[in-house]
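# Descriptive structure summary
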Amino acid sequence: MRQDSQVVQVGARTPLPLEFSVELDASSDLAFDESRADALLTIRARPTSDPPAETAAAEVLIMDKSLSMAGSGKLNEAKRAMCAAVDALRDGTYLGIVAGNHEAEVIYPPDGGLARVDAAVREAARNRVLVQLPGGGTAIGKWLTRADALFATAPVPASGTVRHAVLYTDGKNEHETSEQLDEALAACADRFVCDVRGLGDDWQYDELLRITGALHGTARAVVEISDLTGDFTRLMQQARRILVPRVYLGLGLSSLFRLGFVRQTRPVEADLTGQRQERDGEIHIPLGAWPPEDRQYHVSLRFDPDALPVEEEVRAARVTLRAERADASREPCADTQALIVRRRATPDFRFNPPPSLTQAESLRELGMAMRACADAAQNERWPEADRELALALELAAILGDTERLALLRKVSSIGPDGRPRVRQGMSRGYIQLIGLESARTGAPDSDPVDKTQLPPEGGGPVRRECPRCHAVTTAARPRHCEECGYAFADGAGGAGGQGAGAQGAGAEGSAPEGPGESEGLSRAGGSGRAQGSGRTPGSDRAGDGGPVDAS
């Protein structure tokens, strides 16, 4: 049942260039022994004028000039892309350029700070880009830290300015530790958004997803170097569509509930739980900068079942969407909604979650299978890679995810036993692309449930209880516990790796020998907080839905 799902329009009290609406889908009924409540939020943003008003903007371009860029004309192509990005900037944008290797050098403006874009600034910036020479290693955290310092010099208020960065890299982040990158991402979070591009095929997909998950950007593979110029031009055009610099999901929890997680589920997956902020008695979750678009979020709460009254409606939380204003205040930009739950008295009686939540968990399971497949193939663990590929093919077919299904077919062949197998000998670029695309789920439909059959046999979603931690996972094909990562036995509960969807989705023809032959290789990978590998202990599952607040 969709709760308070009507579109809520923003009135004249919020003079923003975007009008936001919020839809909430949840089951208000909770089983007697349930300990979590879940809801799916769909947030839609539409311009309030045509054409929409433009917002003040600052842009930092980050170029990789490490020694590995010296080969195959990569640095020359990258310079062309950087110059094209400079040319695409709107007059009046504040610009800075960082050239990175194992250090981070501000190459424009030469005296630091940010320059206001006009014809003279464009020419000077291009000239500085063109004289850069390759050398040194890769330390992306330093690049981002330097970009953050540049943004801080902008002569316009941070609260009313879109701060956008874009970087490309052709290699692994080898000259700083994983912890150092995490520290840099934590320091930059909620300060600017960043899009990332993997150039060639020697980068690491999980590093790109960590960056875009923390900084609310997109990640793409640009395996054909000549495609980078067009991609950067499009990025600058897309950045001009951003109208609201910062939006937050405000959660006012009752004393009986605590936050389990908040995940973005569409158009890309990202775990936002670690970015939570405490402010004025609410939990604020940064949702990044917004152009006119739709996004979807899964909110999960935890509670002690014995503390919740039976057969009484309880407000678990208030949900308020907030936009940051020029004075740094965060004011509501859509009407506050209440998530209401009711604990039923009958033990062992189960309530299925709304189909939209089951779909969200199935999409997450697909992404997990794709990452596990990529990791196993990267390490030549072929039986494991084959199992995960079969599951991913099956889930993509069930969910109607045609783009990811097409990619999975390109990297698969049919073995003598009729089962799909990962095509051995494919380039590293393809393997990285599988991992990168795992986080891209697509924009929410106006009614996403209508387009999904879960599962195709006509039964309800499958519930699996973990024998290790006893958490319940609900999805179309649950294969791992969402709480602790325990792998369920194949075939149990309808969750086997070889289903009709798996074999039917396999590739019969030959796949391209290298990633450059596939049009999907410069397609969006999407941001996500997936952290790179298959299934991570400590992640959460979706169960019976319910909203938030009581006291």
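Check the entry above for the structure.
Summarised in this report is the structure supplied together with it. (Residues numbered from 1 in each chain as written. Predicted model: local features only at pLDDT ≥ 70, side-chain atom pairs only at ≥ 80, totals over all residues. Heavy atoms only, no water.)

Next up on the list: the overall build of the protein. For the protein, the count of helices and strands is eleven helices and 23 strands. Across the 551 residues that make up the protein, the buried fraction comes to 62%. By element, 47% of the accessible surface of the protein is carried by carbon and sulfur atoms, the whole surface being about 20100 Å². (Helix = DSSP H or I, 4+ residues; strand = E, 2+ residues; numbered from the N terminus. Buried < 20%, exposed > 50% of the residue type's maximum accessible area, 1.4 Å probe, protein only. Areas by Shrake-Rupley, 256 points an atom, 1.4 Å probe, with all protein chains shown as cover.)

Here we come to the packing of helix α3 (residues 140-151) against helix α4 (residues 178-188). Look at α3 against α4: their axes get within 8 Å of each other, and the N-to-C directions meet at 20 degrees. Put simply, α3 runs roughly parallel to α4. The chirality of how α3 crosses α4 is left-handed. Between α3 and α4, the contacting residues are Ile140, Gly141, Leu144, Thr145 and Asp148 on the first element and Leu181, Ala184, Leu185, Ala187 and Cys188 on the second. Partitioned by chemical class, the residues of the contact of α3 with α4 number seven nonpolar, two polar and one charged. (Axes fitted to C-alpha atoms, helices over the stretch in contact; angles between N-to-C directions. Parallel < 35°, antiparallel > 145°, perpendicular 65-115°, else oblique. Left-handed = near helix turned anticlockwise from the far one by under 90°. Contact = heavy atoms within 4.5 Å. Nonpolar A, V, L, I, M, F, W, Y, C, P; charged D, E, K, R; others polar.)

Turning our eyes to something else, we now look at the state of the cysteines. With the rule as written, the count across this model stands at zero disulfides. Cysteine Cys188 shares no disulfide, and the gap to the nearest cysteine sulfur, in Cys194, comes to 8.7 Å. (Disulfide = S-S within 2.5 Å.)

Taken in spatial order, the five strands of this open sheet run β1-β3-β16-β12-β13, and their pairing is antiparallel. The open sheet terminates on both sides in strands that have one partner only, identified here as β1 (18-26) and β13 (270-271). For β1 and strand β3 (residues 36-47), the ladder comprises nine bridges, and the chain directions are antiparallel. Looking across to β3, one finds that Asp25 is bridged to Leu40. (Pairing = 2+ DSSP bridges.)

What follows covers the pattern of salt bridges. Evaluated as defined, the whole model comprises 31 salt bridges. A salt bridge links Asp294 to Arg44; the shortest N-O distance between them is 2.8 Å. With Asp294 in strand β16 (residues 294-303) and Arg44 in strand β3, this pair connects stretches of sequence that are 250 residues apart. The pair formed by Asp294 and Arg44 is uniform in burial state, with each residue classed as buried. Measuring nitrogen to oxygen at the nearest pair gives 2.7 Å for the salt bridge that ties Arg191 to Asp148. Taken together, the residues span a long stretch of sequence, with Arg191 in the loop between α4 and β9 (193-199) and Asp148 in helix α3 at a distance of 43 residues. On the basis of relative accessible area, Arg191 is assigned to the partly exposed category, the value being 33%. (Salt bridge = Lys/Arg side-chain N within 4 Å of Asp/Glu carboxyl O.)

Quick look at the environment of Glu331 now. Within the secondary structure, Glu331 is located in strand β18 (residues 330-332). When its relative accessible area of 33% is taken as the criterion, Glu331 is described as partly exposed. As a C-alpha pair, Glu331 and Tyr248 span 83 residues in sequence and 9.5 Å in three-dimensional space. Ignoring sequence-local partners within four residues, the contact set of Glu331 consists of Leu321, Arg322, Ala323 and Arg325. Here Arg325 takes part through its side chain, which lies 2.5 Å from a polar atom of the side chain of Glu331. (Polar contact = N/O pair within 3.5 Å; in protein donor to acceptor, adjacent residues only side chain to side chain.)

Relative to each other, helix α7 (residues 355-378) and helix α10 (residues 428-437) sit at 155 degrees, their axes nearing to 7 Å. With respect to α10, the element α7 is oriented roughly antiparallel. Crossing handedness for the pair α7 and α10: left-handed. Of the residues in α10, those touching α7 at Met370, Arg371, Ala374, Ala377 and Gln378 are Arg428, Ile431, Gln432, Ile434, Gly435 and Glu437. Its residues assigned to classes, the contact of α7 with α10 comprises five nonpolar, three polar and three charged.

So, on to unusual backbone geometry. Omega for the bond connecting Tyr108 with Pro109 falls within 30 degrees of zero, at -5 degrees, which places this linkage in the cis form. Secondary-structure assignment places Pro109 in the loop between β6 (104-108) and β7 (115-116). Of note, the amide linkage connecting Arg266 to Pro267 takes the cis form, showing an omega dihedral of 5 degrees. Mapped onto the elements, Pro267 comes out in the loop between β12 (257-266) and β13. The residue Asp280 is not glycine, and still its phi comes out positive at about 50 degrees. Asp280 sits in the exposed class, given a relative accessible area of 75%. In the Ramachandran plot, Ala328 falls in the positive-phi region, its phi being about 75 degrees despite a non-glycine side chain. Mapped onto the fold, Ala328 is located in the loop between β17 (313-324) and β18. Its relative accessible area of 30% is what places Ala328 among the partly exposed residues.

Attention now goes to the packing of aromatic side chains. As enumerated under the stated definition, the model contains four aromatic pairs in all. Between Tyr168 and Phe232 the ring centres are 6.1 Å apart and the planes differ by 55 degrees, which places this aromatic pair in the tilted class. Here Tyr168 is found in strand β8 (residues 162-169), whereas its partner Phe232 is found in helix α6 (residues 228-239), with 64 residues between them in sequence. For Tyr168, a relative accessible area of 0% corresponds to the buried category. (Phe/Tyr/Trp six-rings, centres within 6.5 Å; stacked < 30°, edge-to-face > 60°.)

Attention shifts here to the pairing of β8. With eight of eight residues buried, β8 lies mostly within the body of the structure. Residues Val162, His164, Val166 and Tyr168 point to one face of β8 and Arg163, Ala165, Leu167 and Thr169 to the other, with burial holding for every one of them. Where strand β4 (residues 57-64) and β8 come together, six bridges link them in parallel fashion. When the bridges of β8 are listed, Glu59 appears paired with His164. Sheet topology note: the β8/β9 ladder contains six bridges and is parallel. Bridge pairing in β9 places Thr169 opposite Gly198.

What follows is about the environment of Thr218. With respect to the helices and strands, Thr218 occurs in the loop between α5 (205-215) and β10 (219-222). Take Thr218: its relative accessible area is 28%, and that puts it in the partly exposed class. When the C-alpha positions of Thr218 and Val196 are compared, they lie 6.3 Å apart, and in sequence the two are 22 residues distant. Side-chain polar atoms of Thr218 contact the side chain of Arg197, separated by 3.4 Å.

For strand β15 (residues 282-286), a buried count of five out of five residues is recorded, marking the element as mostly surrounded by other parts of the structure. Both faces of β15 are covered, namely the face carrying Glu282, His284 and Pro286 and the face carrying Ile283 and Ile285. Pairing geometry for strand β11 (residues 247-253) and β15, over four bridges, is antiparallel. Directly across from Tyr248, in β15, lies its bridge partner Pro286. Bridge count between strand β14 (residues 277-279) and β15: three bridges; the pairing is antiparallel. Of the residues in β15, the one forming a bridge with Arg279 is Glu282. Joining the antiparallel neighbours β14 and β15 is a turn of two residues, in which Asp280 adopts a positive phi near 50 degrees.

In short, geometric facts, not functional conclusions.
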